[in-house]
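Examining the three-dimensional arrangement
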Amino acid sequence: MSDVCQNEDRQLDAITELSIPKEQVFVDKQSGKDFNRPAWKALVRKLKKGDLLYVGSIDRLGRNYEDIKNWWRVLTKEKGIDIVVLDMPLLDTRKGKDLLGTLIADLILNLLSYVAQNERETIRKRQAEGIASAKARGVQFGRPTKKPPDNFVDLAKQWKHGKLKTKELIELTGLSETTLYRRLRELRL
């Protein structure tokens, strides 16, 4: 089994080198900020005792310290699977199953989980700072507001009295149906 998240090409190349069958590769397009991801859920449902899970790096598994530790425990202890983190050879549960090996793996897992969460928080902070800075400079976010034509009120009254069909009103105004109805609600017609 494999869990490959974001930056697919690089990670799929690593998985290909391991000769893992395509139907056993799970790809999530979503961020690893949490474990509420469709491919992750499908993977966990399919995993059974004795399976081997390859993960490109610990931050591809997740970005939340407590969640990573929890899922690691669930997968290795409760489900009885082994996990190999490709970019961190010390995180290979097939090796060092003695007390010292388990201690080392747990320490590395804790450290890397912390780093992954810290990285996510840093990214979010920088993103928020960037958005605040852009807004302060007057940058508008989202789609530009589509203005109705100058004769919109007259056209809307004609539509209300049945002289225009909705499709005609859309064509005449150049607005999408959703925007048209929003503008009509603003007019309280």
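Residues numbered from 1 in each chain as written. Predicted model: local features only at pLDDT ≥ 70, side-chain atom pairs only at ≥ 80, totals over all residues. Heavy atoms only, no water.

Looking at a nonpolar patch on the surface
- Together, L90, L100, L103, I104 and L107 give the surface a local cluster of nonpolar side chains, amounting to about 480 Å² of exposed area.
- Considering the arrangement of structural elements, one finds L90 in the loop between strand 4 (82–85) and helix 5 (99–136).
- The exposure class assigned to L90 is exposed, which follows from its relative accessible area of 53%. (Patch = residues over 30% accessible without salt bridge, like charges linked within 9 Å, V, L, I, M, F, W, Y side chains within 5 Å. Areas by Shrake-Rupley, 256 points an atom, 1.4 Å probe, with all protein chains shown as cover. Salt bridge = Lys/Arg side-chain N within 4 Å of Asp/Glu carboxyl O. Helix = DSSP H or I, 4+ residues; strand = E, 2+ residues; numbered from the N terminus. Buried < 20%, exposed > 50% of the residue type's maximum accessible area, 1.4 Å probe, protein only.)

Quick word on helix 4 (residues 65–78)
- With 14 residues, helix 4 ought to run about 20 Å at 1.5 Å a step, and its terminal C-alpha atoms sit 19 Å apart, in line with that.
- Among all positions in helix 4, only I68, W72, V74, L75 and T76 are buried.
- Of the surrounding secondary structure, the elements contacted by the buried residues of helix 4 are helix 2 (38–46), strand 3 (52–55), helix 3 (58–61), strand 4 and helix 5.
- The N-capping residue of helix 4, defined by a side-chain oxygen 3.1 Å from the backbone nitrogen of E66, is N64.
- G80 lies just past helix 4 and shows a positive phi near 75°. (Expected span 1.5 Å × (residues − 1). Contact = heavy atoms within 4.5 Å. Polar contact = N/O pair within 3.5 Å; in protein donor to acceptor, adjacent residues only side chain to side chain.)

Some points on the side chain of T173
- Residue placement: T173 occurs in helix 7 (residues 166–173).
- Note on T173: relative accessible area 8%, which makes it buried.
- A distance of 2.8 Å separates the side chain of T173 from the backbone oxygen of L169, its partner in a polar contact.
- Apart from residues lying up to four places away in sequence, T173 is in contact with P149, F152, L155 and L180.

Looking at the nonpolar core
- By size, the foremost hydrophobic cluster in this structure holds 23 residues, and its most contacted members are I58, L61, W72, I83 and L91.
- Mapped by element, the contributors of at least two residues to this core are helix 2, strand 3, helix 3, helix 4, strand 4 and helix 5.
- Ranked by residues supplied to this core, first place goes to helix 5 with five residues.
- The next biggest cluster of nonpolar side chains, apart from the first, holds eight residues, and it includes L155, A156, L169 and L175. (Core = buried A, V, L, I, M, F, W, Y, C linked by side-chain atoms within 4.5 Å.)

Remarks on the packing of helix 6 (residues 152–160) against helix 7
- Running from N to C, helix 6 and helix 7 point in directions that differ by 170°, and their axes come no closer than 10 Å. Judged by the angle between their axes, helix 6 and helix 7 are roughly antiparallel. Of the residues in helix 7, those in contact with F152, L155, A156 and W159 of helix 6 are T166, L169, L172 and T173.
- For the contact of helix 6 with helix 7, a count of residues per class yields six nonpolar, two polar and no charged. (Axes fitted to C-alpha atoms, helices over the stretch in contact; angles between N-to-C directions. Parallel < 35°, antiparallel > 145°, perpendicular 65-115°, else oblique. Nonpolar A, V, L, I, M, F, W, Y, C, P; charged D, E, K, R; others polar.)

Comments concerning the packing of aromatic side chains
- Here the structure, examined in full by the defined rule, presents two aromatic pairs.
- Judged by centre distance (5.3 Å) and plane angle (90°), the rings of W40 and W71 are edge-to-face. Taken as a pair, W40 in helix 2 and W71 in helix 4 lie far apart in primary sequence, 31 residues in all.
- Owing to a relative accessible area of 22%, W71 belongs among the partly exposed residues under this scheme.
- An angle of 70° between the planes, with centres 6.4 Å apart, marks the rings of W159 and Y181 as edge-to-face. (Phe/Tyr/Trp six-rings, centres within 6.5 Å; stacked < 30°, edge-to-face > 60°.)

Considering the confidence of the model for the protein chain
- Across the protein chain, the average pLDDT comes to 84, with 90% of residues at 70 or higher.
- Long-range and interchain partners of residues 1–6, a stretch whose pLDDT sits below 50, account for 45 contacts in this model, where long-range means more than four residues apart. (pLDDT = per-residue confidence, 0-100.)

Description of the layout of surface pockets
- If you add up the space inside the largest pocket, you get close to 220 Å³.
- In terms of lining residues, the largest pocket is bounded by 15 residues, among which T76, K77, T93, K97 and T102 are the most central.
- Where the lining of the largest pocket is concerned, the elements lending two or more residues are helix 4 and helix 5.
- Looking at side-chain class alone, the lining of the largest pocket contains three nonpolar, six polar and six charged residues.
- The volume enclosed by the second largest pocket comes to roughly 160 Å³. (1 Å grid on protein atoms, 1.4 Å probe; cavity = no way out; pocket = protein on both sides within 12 Å on 5 of 7 lines; lining within 4 Å. Points joined across faces, edges and corners; volume = space filled by probe spheres on them.)

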